[in-house]
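Now for the letters of each chain:
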Amino acid sequence: MAHGARRDSPELPDLSLLKRLVRDQLIYLLEQLPGKKDLFIDSDLMSPLDRIANVSTLKQHEVDKLYKVEHKPIVSISDQLYFLVRPRIQTVKWICDVVNADKAVGKYRRYKIIFTPQKFYACEAVLEEQGVFGDVTTDEWAFYLLPLDEDVISLELPEFFRDNFLAGDQRWVRTAGSALHLLHSLFGPFSKLYGIGRCSKMTYESWREQVEEGEQKARRAEIGNVFLIDRDVDFVTPLCSQVVYEGLLDDIFRIRCGCVEFGPDVTSSDKSLKVMLNSQDKVFNEIRNEHFSNVFGFLSQKARSLQTAYDKRRGMDIQQMKTFVSEELKGLKQEHRLLSLHISASESIMKKKTKQDFQELLKTEHCLLEGFEIRECISFIEEHINRQVSMIESLRLLCLLSVTENGLLPKDFRSLKAQYLQSYGVDHLLTFSNLRQLGLLVEQQPGETLTVMESKVGKLVNDRTAGKLTDAFSSLAKKSHFRALSRKLNLVPKSDEEYDLRVPRDMAYIFSGAYIPLSCKLIEQVLERDGWTGLEEVTRLINGHEFAVTGGSGADFKPKSDDAQRIILVMFLGGCTFSEISALRFLGKERGYRFIVVTTAITNSSRLLESLLENHV
């Protein structure tokens with residue numbers, strides 16, 4: 001840890017309150033139809049629901065059988081059917097088919113649809129179109145926020161990224177605003193809100209409307225400052241390979257809803273095992289933010305200290321042995337089990353990564369970030385594509401090359417695209433179109449084309465409309481400006497001296513000292529300057545929508561405790577990686593802050609790119 005690290009971090013608010021609130025609301029909704037009922041649950045709500053109310057809780061409230069929504073005829077014989085679903089038109093159409101199938105055979109049942117986190121008008125319109133609006137009752141379960149750990153909260157909305165940034169569908173903005181409003185009403189009032197990105201601006205405005213509509217109660221704040229950031233402000237960070245332990249676990253085993261499933265290769269048995277990953281797991285808590293190169297050293301040291309604790313029992317008398325068994329043995333056994341699991345997981349990661357020639361991959365990424373040896377990097381990517389190592393990995397490297405180089409030269413773009421389509425299939429043409437739209441994989445254009453187009457538009461319409469259209473053109477031709485941002489914010493540390501990963505000196509340690517995540521650097525700079533003053537050039541390059549506002553009307557704002565001011569809520573709209581969470585934890589330790597990360601979903605390079613693929617539809 002660097003010398004300036006502050007040890008006096010403030011206490012975090014108790015986020016388990018969020019769980020209790022949604023559990024109570026779900027129970028209230030289940031009790032609205034007395035008697036036995038069958039419950040149909042959307043598949044992607046299964047894991048979040050399990051964290052809130054387990055099967056026995058549901059059974060206590062007369063839920064007889066549980067089914068997964070599978071979009072096919074149902075086998076339930078119950079007279080009361082509950083549907084717990086996301087507000088998706090496809091699912092609502094299926095529910096209409098179920099109701100109409102019952103009507104056709106003269107079967108009478110009661111139906112209740114619970115939309116979570118909120119219902120949309122489009123869903124009710126479908127019920128009306130299909131002629132079942134009067135046969136079903138609908139309700140909302142305001143399950144906005146799921147605490148995954150003491151400092152991480154997820155909206156569990158992976159579709160937010162594609163819907164908002166690719167399709168331009170802003171229906172989830174209100175959801176994000178409501179989630180922020182819930183946190184404000186429980187742990188606020190907030191004194192300062194900062195943000196960058198178009199979606200962040202809209203979320204802030206939605207939150208402000210809800211605050212103005214509701215009652216304002218004066219109370220002691222537990223969270224002082226809020227920072228909102230769009231995922232498309234920083235695409236480089238999620239495209240880099242993760243090398244902190246928790247990030248690697250997510251890349252390789254896929255952490256879902258704070259839970260990871262280790263296969264037989266890790267559990268050393270023929271069964272898979274689900275493990276909760278949070279700060280309650282003492283072993284995991286100490287290594288989750290560590291660079292992978294330090295993990296084995298820590299685990300072997302932990303094994304030695306456990307052995308010492310076991311050895312204490314030698315030479316004990318009866319009374320001491322009794323105390324040891326009742327107080328310490330259970331905890332030691334639990335730690336021993338977790339330790340052996342994490343050792344096996346680390347070995348499995350090592351095997352997989354050495355097989356993939358991980359060092360060579362990291363070297364290429366570091367060169368791309370630094371802007372060195374670009375031709376060699378292109379040759380490496382070509383070889384990766386032609387050997388068909390991995391469809392998503394090849395796409396990730398192409399996007400990283402494009403974003404760091406502010407687009408590819410036309411001849412490189414055409415050549416790499418042709419090789420990719422030959423290797424992985426022409427159905428990826430639509431994927432390339434999606435990536436281009438987001439500015440993730442683009443061809444460098446001659447600079448004047450856009451301005452010529454804009455000037456023609458300017459002659460046709462008045463200035464105000466032209467301004468809006470110019471905005472539209474600039475968003476169509478998104479540019480990354482990564483090199484300029486990197487120089488301005490010093491994102492790539494000087495590589496002339498050795499970077500000691502055991503004693504990290506800045507947030508770059510999460511990428512082996514090669515790169516400080518842009519998203520986290522922006523947060524650090526804005527908190528340091530108490531706003532965007534002095535960062536005008538940076539926000540211009542990002543195409544900003546940045547804002548910094550005081551929380552609300554003066555009446556609420558009694559001077560807050562210093563502790564609340566040092567608790568910062570960071571909301572990522574479009575997803576956040578475990579590497580970014582580790583970087584913010586490091587920054588918090590250095591500066592005496594505590595960060596609470598709220599994200600629409602946990603993401604990584606694979607999830608991000610898979611959401612943009614078109615051949616899976």
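Read on for an overview of the structure. (Residues numbered from 1 in each chain as written. Predicted model: local features only at pLDDT ≥ 70, side-chain atom pairs only at ≥ 80, totals over all residues. Heavy atoms only, no water.)

In terms of regular secondary structure, the chain is built from 27 helices and 14 strands. For the chain, buried positions account for 53% of its 617 residues. Taking the intrachain contacts of the chain between residues at least 6 apart in sequence as the baseline, contacts between residues at least 24 apart amount to 78%. When the accessible surface of the chain is split by element, carbon and sulfur atoms take 51% of a total near 28,800 Å². (Helix = DSSP H or I, 4+ residues; strand = E, 2+ residues; numbered from the N terminus. Buried < 20%, exposed > 50% of the residue type's maximum accessible area, 1.4 Å probe, protein only. Contact = heavy atoms within 4.5 Å. Areas by Shrake-Rupley, 256 points an atom, 1.4 Å probe, with all protein chains shown as cover.)

Pairing is parallel across the open sheet formed by 5 strands, whose spatial order is 2-1-3-4-5. Lying at the two open borders of the sheet, with one neighbouring strand each, are strand 2 (63–68) and strand 5 (136–140). Across the sheet, the axes of successive neighbouring strands diverge by a mean angle of 20°, strand direction being ignored. On the sheet, helix 4 (residues 89–104) packs against strand 1 (37–41), strand 3 (80–85), strand 4 (110–115) and strand 5 and is oriented at approximately 170° with respect to strand 3. (Pairing = 2+ DSSP bridges. Axes fitted to C-alpha atoms, helices over the stretch in contact; angles between N-to-C directions.)

On to the layout of surface pockets. As a volume, the second largest pocket reaches approximately 880 Å³. Around the second largest pocket, the lining comprises 30 residues; the ones closest to its centre are Leu157, Pro158, Glu159, Ala601 and Arg607. Along the lines of polarity and charge, the residues of the lining of the second largest pocket split into 13 nonpolar, 9 polar and 8 charged. (1 Å grid on protein atoms, 1.4 Å probe; cavity = no way out; pocket = protein on both sides within 12 Å on 5 of 7 lines; lining within 4 Å. Points joined across faces, edges and corners; volume = space filled by probe spheres on them. Nonpolar A, V, L, I, M, F, W, Y, C, P; charged D, E, K, R; others polar.)

Our next topic: the sheet that holds strand 6 (residues 146–149). Taken in spatial order, the 7 strands line up as 6-7-14-13-9-8-12 in an open sheet, and their pairing is mixed. What marks the edges here is a single partner per strand, and that holds for strand 6 and strand 12 (547–550). For this sheet, the mean angle separating the axes of adjacent strands, direction not counted, is 20°. In the packing of helix 23 (residues 518–529) onto the sheet, contacts are made with strand 8 (192–196), strand 9 (225–230), strand 13 (567–573) and strand 14 (594–599), and the angle to strand 9 comes to roughly 145°.

We now examine empty space enclosed by the protein. Any empty space left between atoms is shown by rolling a water-sized probe over those atoms. Applying the stated rule across the entire model yields 4 cavities of 30 Å³ or more. Considering only enclosed or pocket space, the largest cavity measures out at about 60 Å³ in volume. Around the largest cavity sit Leu148, Asp149, Val152, Glu246, Ile255, Gly258, Leu277, Arg288, Phe578 and Arg585, which together line it. At the level of secondary structure, the elements contributing two or more residues to the lining of the largest cavity comprise strand 6 and helix 26 (578–591). In terms of residue class, the lining of the largest cavity is made up of 5 nonpolar, 1 polar and 4 charged.

Overall, the coordinates contain 35 salt bridges when judged by the stated rule. The salt bridge involving Asp42 is made with Arg88; its shortest N-O contact spans 3.6 Å. Placement of Asp42 in the loop between strand 1 and helix 2 (46–52) and of Arg88 in the loop between strand 3 and helix 4 is noted, with a sequence separation of 46 residues between them. (Salt bridge = Lys/Arg side-chain N within 4 Å of Asp/Glu carboxyl O.)

On to the packing of aromatic side chains. Inspection of the entire model under this criterion finds 22 aromatic pairs. Judged by centre distance (5.7 Å) and plane angle (85°), the ring pair of Phe83 and Trp94 falls under edge-to-face. Separated by 11 residues along the polypeptide, Phe83 in strand 3 and Trp94 in helix 4 bring together distant segments of the chain. The burial state of Phe83 is the same as that of Trp94; both residues are buried. (Phe/Tyr/Trp six-rings, centres within 6.5 Å; stacked < 30°, edge-to-face > 60°.)

Moving on: helix 4. The end-to-end C-alpha distance of helix 4, which contains 16 residues, comes to 22 Å, matching closely the 22 Å that a straight helix rising 1.5 Å per residue would cover. Within helix 4, burial applies to Thr91, Val92, Trp94, Ile95, Cys96, Val98, Val99 and Asp102. In this structure, the buried side of helix 4 is in contact with strand 1, strand 3, strand 4, helix 5 (121–129) and strand 5. One or two steps after helix 4, the chain reaches Gly106, where phi turns positive at roughly 70°. (Expected span 1.5 Å × (residues − 1).)

Here we take up the nonpolar core. One finds Phe83, Trp141 and Leu249 to be the most contacted residues of the largest nonpolar core, which totals 185 residues. Sorting elements by how many residues they give to this core places helix 17 (residues 391–404) first, with 8 residues. Residues within four places of Trp141 in sequence aside, it is in contact with Val22, Gln25, Leu26, Leu29, Leu49, Ile52, Leu84, Ile114, Phe115, Thr116 and Pro117. (Core = buried A, V, L, I, M, F, W, Y, C linked by side-chain atoms within 4.5 Å.)

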